[in-house]
Amino acid sequence: MEQDVLLVTDVEIEGSSPSGGVVSVWTLNRPEKLNALNEKIHLSIKKQCKRVDSDDRVRCVIIRGAPPLDPPEGKRKKPNSFAAGADISEFSGKNSDDVRPFFEDNAWEAIWNLSKPTIAMVDGFALGGGTELALSCDIRISSDRSMFGQPEINLGLIPGGGGTQRLCRLVGYGKAMEIVLAGEMITAKEALEIGLVNKVVMPEELEDATMDLATTIAKKSPYTTKVAKRAIRASLELPFSEGVLTERSEFVALFDTEDKEIGVQAFLERKDAEWVGN
Ligand code: COA
């Protein structure tokens, strides 16, 4: 039987409001190929993106890689991996016309364009399209044994999943140049130092650290988290003064929402806010 290349689990979050909120955990599931992103994974991710954007229960998404399987006798265990890149076997013999449709409608942009918060939980290799997948998420939490990189240059390519753009905005021009032009891997510690990841923890702490953050986010007003994400995103597209105006207009508009009144009253009455989501 063919394996499911993307495993999806919706974890219910107690105390979320409106009640029934879930964190949707997506596991890239090709551990024998270090979770390399083939066309099927892209299709499954795009399908899930459509689903969660219209599913009010989903408050936050976590993307992770499946851990390595136990090897057959005498074989070595495959290394831990978030995703070791686009599936290189799908590149062989292809020309630009063959690959253009796929790259014009890909999973990296589908994740980036989600209106809801996303977290990459990285344990192991995040290379090429794997680093780009992490960059398409809003936040990255990594184990201390992870390795990041954009090795496409070694294949005679450049990043094609938005890596040159998102990496540059996240870590700056000089570091992005070094990572893309040298094509060498960097450690999680270096990734933390340059701002590529938000947090580094021990492998055994990774799931809890990621779920704790997702749960914290999942308990906010689902309406307000979307507005916050939209406002921060605007900073990437707009000149500074226009960005400030955009923020102001989003902020002022929140004064017409029920959740603003609920949040303010909850603070004044020293109780937990019971959001209604609008
Ligand atoms: N695409 C397709 N298959 C991949 C892959 C990718 N990006 N990365 C790893 N794999 C496959 C390998 O072909 C191998 O398959 P096999 O066991 O059927 O031969 C399996 O995953 C394990 O990888 P392997 O190379 O044997 O593991 P390793 O521990 O020796 O090396 C890496 C790990 C990550 C250093 C190495 O796999 C690698 O360099 N991968 C490619 C990274 C890359 O260039 N990504 C950018 C793509 S644009």
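Everything numeric in this text was worked out from a predicted model, so none of it was measured.

Visitor: Tell me about the layout of surface pockets, and please be specific about residues and values.
Guide: Taken as a whole, the largest pocket encloses approximately 520 Å³ of empty space. Forming the boundary of the largest pocket are 19 residues, of which Cys-137, Asp-138, Ile-139, Ile-232 and Arg-233 lie nearest the centre. Of all the elements in the fold, those that place two or more residues in the lining of the largest pocket are β7 (139-143), α5 (163-171) and α9 (222-237). Looking at the lining of the largest pocket, the element that brings in the most residues is α9, giving seven residues. Class assignment for the residues of the lining of the largest pocket results in 10 nonpolar, three polar and six charged. Counting contributing residues per domain, the lining of the largest pocket is built from domain 1 (6-218) and domain 2 (222-268), each supplying no fewer than three. Empty space within the second largest pocket amounts to approximately 360 Å³. Lining the second largest pocket are 21 residues, with Ala-86, Phe-91, Glu-152, Leu-157 and Ile-158 sitting closest to its centre. Elements represented by at least two residues in the lining of the second largest pocket include exactly α2 (96-104) and α4 (129-136).

Visitor: Can you tell me about the packing of aromatic side chains, naming the residues and giving the values?
Guide: Given two aromatic rings, their pairing is described by the distance between the two centres and the angle made by the two planes. Enumeration according to the criterion identifies four aromatic pairs in this entry. Taking 6.5 Å as the distance between ring centres and 50° as the angle between the ring planes, the aromatic pair formed by Phe-91 and Phe-103 counts as tilted. With Phe-91 in the loop between β4 (81-83) and α2 and Phe-103 in helix α2, this residue pair connects regions lying 12 residues apart in the sequence. Residues Phe-103 and Trp-108 carry aromatic rings whose centres are separated by 5.9 Å and whose planes lie at 25° to one another, so their mutual orientation is stacked. Through successive ring pairs, a cluster of aromatic residues spans Phe-91, Phe-102, Phe-103 and Trp-108. Across from the ring centre of Trp-112, 3.3 Å away, lies the NZ or CZ of Arg-233, which sits over that ring.

Visitor: So what about the environment of Pro-79? Which residues, and what values?
Guide: Turning to its location among the elements, Pro-79 is positioned in the loop between β3 (58-65) and β4. Put simply, Pro-79 and Met-211 are 132 residues apart on the chain and 23 Å apart in space, counted from C-alpha to C-alpha. Setting aside anything within four residues of it in sequence, one finds Pro-79 in contact with Leu-34, Pro-68 and Phe-125.

Visitor: Which residues make up the site of the ligand, and what values go with them?
Guide: Taken together, 18 residues form the shell around the ligand, and within it Lys-33, Lys-78, Ala-84, Ala-86 and Ile-88 come nearest. Arg-76 places a side-chain nitrogen or oxygen 3.2 Å from an oxygen atom of the ligand. Measuring from a nitrogen atom of the ligand, one finds a backbone N or O atom of Ile-88 at 2.9 Å. When the ligand sits alone it has 870 Å² of accessible area, and the protein chains cover 67% of it. Here the shell around the ligand is built from residues that sort into 11 nonpolar, one polar and six charged.

Visitor: If you had to explain the sheet that holds strand β10 (residues 199-201) to someone new, which residues and values would you point to?
Guide: Paired through their backbone hydrogen bonds, the strands of a sheet run either parallel or antiparallel. If you walk across this open sheet you meet the six strands as β1-β2-β3-β5-β7-β10, and the pairing is mixed. This sheet does not close on itself; its edge strands, each paired only once, are β1 (6-12) and β10. On average, each strand axis in the sheet is inclined to that of its neighbour by 20°, with strand direction left out of account. Sheet topology note: the β3/strand β5 (residues 118-122) ladder contains four bridges and is parallel. Paired with Ile-62 across the bridge in β5 is Ile-119. Along the sheet, α4 contacts β2 (22-28), β3, β5 and β7; its crossing angle with β5, the most-contacted strand, is approximately 145°.

Visitor: Could you give an account of the domain arrangement of the chain, with specific residues and numbers?
Guide: Once the domains are mapped, the chain shows domain 1 (6-218) and domain 2 (222-268). Spacing between the C-alpha centres of domain 1 and domain 2 amounts to 27 Å. Contacts between the two partners involve 13 residues from domain 1, matched on the other side by six residues from domain 2. Note on domain 1 versus domain 2: buried area summed over both sides is about 820 Å², and carbon and sulfur give 54% of it. The tally of links from domain 1 across to domain 2 stands at two salt bridges. Notably, a salt bridge pairs Asp-138 with Lys-229, separated by 2.8 Å at the nearest N-O pair. Summed over the shared surface of domain 1 and domain 2, the number is five residue pairs in polar contact (both at pLDDT 80 or more).

About the cut-offs
Residues numbered from 1 in each chain as written. Predicted model: local features only at pLDDT ≥ 70, side-chain atom pairs only at ≥ 80, totals over all residues. Heavy atoms only, no water. 1 Å grid on protein atoms, 1.4 Å probe; cavity = no way out; pocket = protein on both sides within 12 Å on 5 of 7 lines; lining within 4 Å. Points joined across faces, edges and corners; volume = space filled by probe spheres on them. Helix = DSSP H or I, 4+ residues; strand = E, 2+ residues; numbered from the N terminus. Nonpolar A, V, L, I, M, F, W, Y, C, P; charged D, E, K, R; others polar. Domains from an automatic or database assignment. Phe/Tyr/Trp six-rings, centres within 6.5 Å; stacked < 30°, edge-to-face > 60°. Lys NZ or Arg CZ within 6 Å of the ring centre and 35° of its normal. Contact = heavy atoms within 4.5 Å. Near = heavy atom within 4 Å. Polar contact = N/O pair within 3.5 Å; in protein donor to acceptor, adjacent residues only side chain to side chain. Areas by Shrake-Rupley, 256 points an atom, 1.4 Å probe, with all protein chains shown as cover. Pairing = 2+ DSSP bridges. Axes fitted to C-alpha atoms, helices over the stretch in contact; angles between N-to-C directions. Buried area = accessible area lost by both parts, 1.4 Å probe. Salt bridge = Lys/Arg side-chain N within 4 Å of Asp/Glu carboxyl O.

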